[in-house]
Amino acid sequence: MFPHMVRAGVYARISSDREGDGLAIGRQLEDCEELAERRGWRVVDRYVDQDVSAYSGRLRPEYRRLLGDIESRALDAVVVWHVDRLHRQPKELEEFLDACDEAGLAELASVAGTVDLATHDGRFTARILGAVAKKESDDKSRRIRRKHEEIALAGRVSGGGTRPFGFESDRRSLRPDEAAIVRECARRLLAGQALRAICIDLNERGVATVTGAQWTSQTLRRMLASPRIAGQREHKGEIVAQAEWPAIITAAESERIRALLSDPSRRTNRAARRYLLARLLRCGLCGSTLVARPRSDGTRRYVCASGPGLPGCGKITIVADSLEQFVVEAVLYRLDTPELAAIFAGRQDDPAAEQWQGEVERAQAHLDELARAYADEQIGLQEWLTARSPIEQRLQAARKRLAQLNRTAALDEYIGNAAGLRERWQALPLSGQAAIVAAVLDHLIVNPGTRGLNRLDPARLTPVWRV
Ligand SMILES: [Zn+2]
């Protein structure tokens, strides 16, 4: 008997054709058909809705036709560019899942990653995607971002405005005199000099910025923190490509400068940004714990930190806001399952939990202090590594105890009541939010991103749940 050929339907949608989106539709279809081919599926039909927003609730004729074909079992699989092309309302998703169930269709592939509708986890992912998509901004701004990202991914220059310091106005060729200044400033900053002191010196020497103005701490900070001077193309807080222009300083120097400049103890002009998922994220390539590291413009990110003395591979970066939003949604969904209620039913309180929590915080503060001392070159690499190890052991031991004792306390009143928690979420202190997340999520593995996707791509994420 011949193996059954999987019959796939490709669905594409765009909400407006004003900005050359005919092309984008073509691109969605092309990507989807390539994907189907890779999987050995035969594309038997294409469904394209134009100029209709899934938000508006208006009828999407091709989507209805797709549903009909699923119901009549004309399809074994559906391919979409991104799952949010398919539906942007939970109600629609449930309807879609029902139709798939009924017809036994279990393959939903997207360019971003495949959702296996036959499994609980797959459906779980699809539901969270739906919930997150609902909150997202409209398609239009996303398409514009996508365009910028295409440019960024190619490592090409973009934008007008004033030329970057160190480069000619073509934004590619070096200006040797300015490049020498960049190198000098980088060296002096890494040697521990303050931004202000360097500025004063530059201004006294008559070295001007590209606009002819005097240097300020802000302009110098922005220049030194920019991956551009290390020959790297940055886009939305992530280094996305090796740039087409030459580097003035090395990537390692650049990374170290950013670590130094983003150190919260250096910043007095803004409240410390907090990170909900600190220490819960693991690099999918090397297994290191990701660290919170904002971009110079303040965009919050988690990165796999590499460089002298750092354990990571430096290849993973993820923007914090959308990731945190996704994880919170996932946790809230998780809390609403009856399984959880059953697990927590037998829980006992333990006063020791508080003590271990204190131990964790002390050890963490100690580690942070050490890292700062190293970044400021108060201590050397060897000293840092030596001092770190016993503290990390202490930290790990305390965490383990906490995991056993404390993890359910934060959850007690919310099991099966995610709606109540959702309402109060914003009002909870970060430590409270973090305790709830950590009670449910052991850790989250962050894999490399898919080229061409500039938004959070859940296919990158592998959650390891505690419960
Ligand atoms: Zn890594």
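Provided above is the structure to which this section pertains.
Right, let's get into the pattern of salt bridges. Summed over the entire model, instances satisfying the criterion amount to 19 salt bridges. Here Arg46 ties to Glu33 by a salt bridge, and the two come within 2.3 Å at their closest N and O atoms. A residue pair is termed long-range when its members are at least 10 positions apart, and Arg46 in strand 2 (residues 42-50) and Glu33 in helix 1 (residues 21-38) qualify at 13 residues. A residue is classified by how much of its surface remains accessible, and Arg46, at 39% relative accessible area, is partly exposed. Across the salt bridge formed by Arg64 and Glu95, the nearest N and O atoms sit 3.0 Å from each other. In this pair, Arg64 is assigned in helix 2 (residues 61-71) and Glu95 in helix 3 (residues 90-103), connecting sequence segments 31 residues apart.

A negative phi holds for most residues other than glycine; trans holds for most peptide bonds. A positive phi angle, close to 65°, is found at Arg171, a residue other than glycine. Checked against the element boundaries, Arg171 lands in the loop between helix 5 (139-153) and helix 6 (176-190). Positive phi, normally seen in glycine, also occurs at Arg279, with a value near 75°. Positionally, Arg279 belongs in the loop between helix 9 (251-261) and strand 8 (281-283).

Every protein donor of the zinc ion is listed here as Cys283 (SG), Cys286 (SG), Cys304 (SG) and Cys313 (SG), and their distances to the metal cover 2.2 to 2.3 Å. Around the zinc ion, the four donor atoms sit at angles spanning 99 to 114°, and that spread fits a shape best called tetrahedral. Read from N- to C-terminus, the donor residues coordinating the zinc ion fall into the pattern C-x2-C-x17-C-x8-C. For Cys304, a relative accessible area of 3% puts it in the buried group.

It is worth spelling out helix 2 at this point. When helix 2 is considered as a whole, its buried residues turn out to be Glu62, Tyr63, Leu66, Leu67, Asp69 and Ile70. Seen end-on, helix 2 carries its buried residues on one side only, within an arc spanning 160°. Arg73 occupies a position one or two residues after helix 2 and carries a positive phi of about 60°.

The next subject is the sheet that holds strand 10 (residues 301-303). Picture the strands of a sheet paired through backbone hydrogen bonds; they go either parallel or antiparallel. As summarised here, the arrangement of the three strands in space is 9-10-11, forming an open sheet in which the pairing is antiparallel. Unpaired on one side and paired on the other, strand 9 (291-292) and strand 11 (317-319) mark the two borders of the sheet. Packing against the sheet, helix 10 (residues 320-335) makes contact with strand 10 and strand 11, and its axis sits at approximately 75° to strand 11.

Looking now at the nonpolar core. Counting residues in each nonpolar core, the largest one holds 34 residues, and the members touching the most others are Leu277, Leu290, Tyr302, Leu323, Val327 and Val437. Looking at this core, the elements with two or more residues in it are strand 8, helix 10, helix 14 (418-425), helix 15 (430-440), strand 12 (441-446) and strand 13 (461-465). Take this core: its biggest share by element is nine residues, from helix 10. Within the second largest apolar cluster, 29 residues are counted, among which are Leu189, Leu195, Trp245 and Ala375.

Parameters and conventions
Residues numbered from 1 in each chain as written. Predicted model: local features only at pLDDT ≥ 70, side-chain atom pairs only at ≥ 80, totals over all residues. Heavy atoms only, no water. Salt bridge = Lys/Arg side-chain N within 4 Å of Asp/Glu carboxyl O. Helix = DSSP H or I, 4+ residues; strand = E, 2+ residues; numbered from the N terminus. Buried < 20%, exposed > 50% of the residue type's maximum accessible area, 1.4 Å probe, protein only. Donors = N, O, S within 2.8 Å, 3.2 Å for Na, K, Ca; no water. Tetrahedral: all angles 85-135°; square planar, octahedral: opposite > 155°, others 65-115°. Arc of directions from axis to C-beta. Pairing = 2+ DSSP bridges. Contact = heavy atoms within 4.5 Å. Axes fitted to C-alpha atoms, helices over the stretch in contact; angles between N-to-C directions. Core = buried A, V, L, I, M, F, W, Y, C linked by side-chain atoms within 4.5 Å.

Shape is all these values report; function is a separate question.
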